[in-house]
Amino acid sequence: MPVRTPSNRGGNTIGWFASYKMRRSIAYESLLECDYLYLLEFADEVAAFEEQPLTIIFQHAGRTHRYTPDFGVSQGGRELLVEC
């Protein structure tokens, strides 16, 4: 399940993609993410996917930053993090 709630900061197009493969609706934050969900849904080699799978906390230039990738994808026995 997502670690954060999708938002339309900056005027993005947000919505829900009804996934038969995942048996639930998947949130997206842009039209590009929505298009990518169609690819994931119909790609035979993709076993599973989820939106906003984790948040990475890191230090850079003396400051703490947070980064949440768009999708986590299980494909061909590998776990991938994807940013659209």
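Shown above is the structure to which this text applies.
Residues numbered from 1 in each chain as written. Predicted model: local features only at pLDDT ≥ 70, side-chain atom pairs only at ≥ 80, totals over all residues. Heavy atoms only, no water.

S.K.: Could you give an account of the nonpolar core, with specific residues and numbers?
M.R.: Core analysis: the biggest nonpolar cluster contains 12 residues, these being Phe17, Ile26, Tyr28, Cys34, Leu37, Leu40, Ala43, Val46, Phe49, Phe71, Val73 and Val82. Where this core is concerned, the elements lending two or more residues are strand E2 (24-28), helix H1 (31-42), strand E3 (46-51) and strand E6 (71-75). Beyond its immediate stretch of four places on either side in the chain, Ile26 contacts Gly15, Trp16, Phe17, Ser19, Leu37, Phe49, Glu51 and Phe71. (Core = buried A, V, L, I, M, F, W, Y, C linked by side-chain atoms within 4.5 Å. Buried < 20%, exposed > 50% of the residue type's maximum accessible area, 1.4 Å probe, protein only. Helix = DSSP H or I, 4+ residues; strand = E, 2+ residues; numbered from the N terminus. Contact = heavy atoms within 4.5 Å.)

S.K.: Kindly report on a nonpolar patch on the surface, identifying the contributing residues and their values.
M.R.: Where nonpolar side chains cluster on the molecular surface, the patch consists of Val3, Leu54, Ile56, Phe58, Tyr67 and Leu81 and spans about 480 Å² of accessible area. Inspection of the secondary structure assignment puts Leu81 in strand E7 (residues 78-82). With a relative accessible area of 49%, Leu81 lands in the partly exposed category. (Patch = residues over 30% accessible without salt bridge, like charges linked within 9 Å, V, L, I, M, F, W, Y side chains within 5 Å. Areas by Shrake-Rupley, 256 points an atom, 1.4 Å probe, with all protein chains shown as cover. Salt bridge = Lys/Arg side-chain N within 4 Å of Asp/Glu carboxyl O.)

S.K.: Which residues make up the side chain of Glu41, and what values do they have?
M.R.: Inspection of the secondary structure puts Glu41 in helix H1. Despite its burial, Glu41 pairs with no opposite charge, the nearest such side chain being Lys21 at 6.1 Å. Polar side-chain contacts of Glu41 include one of 2.5 Å to the side chain of Ser19. Within the local environment of Glu41, its side chain forms a polar contact with the backbone nitrogen of Tyr20, the two atoms lying 2.9 Å apart. Those residues in contact with Glu41 that sit more than four places away from it in its chain are Phe17, Ser19, Tyr20, Lys21 and Phe49. (Lys, Arg positive; Asp, Glu negative; His and termini not counted. Polar contact = N/O pair within 3.5 Å; in protein donor to acceptor, adjacent residues only side chain to side chain.)

S.K.: Hey, could you go over unusual backbone geometry for me, with residue numbers and the actual values?
M.R.: In this model, Arg23 sits at a positive phi of 60 degrees, which is unusual for a non-glycine residue. Structurally, Arg23 can be placed in the loop between strand E1 (15-19) and E2. Since its relative accessible area comes to 62%, Arg23 is described here as exposed. Located in the positive-phi region is Gln52, a residue other than glycine, with phi close to 45 degrees.

S.K.: Now, about H1: what can you tell me, with residues and values included?
M.R.: With 12 residues, H1 should reach 16 Å at 1.5 Å per residue; the first-to-last C-alpha distance of 17 Å fits that figure. Listed in full, the buried residues belonging to H1 are Glu33, Cys34, Leu37, Leu40 and Glu41. The arc that holds every buried residue of H1, seen down its axis, measures 115 degrees, which confines them to one face. Those residues of H1 that are exposed and angled more than 90 degrees off the buried face are Leu31, Leu32, Leu39 and Phe42. Looking at the packing, one finds that the buried side of H1 touches E1, E2, E3 and E6. (Expected span 1.5 Å × (residues − 1). Arc of directions from axis to C-beta.)

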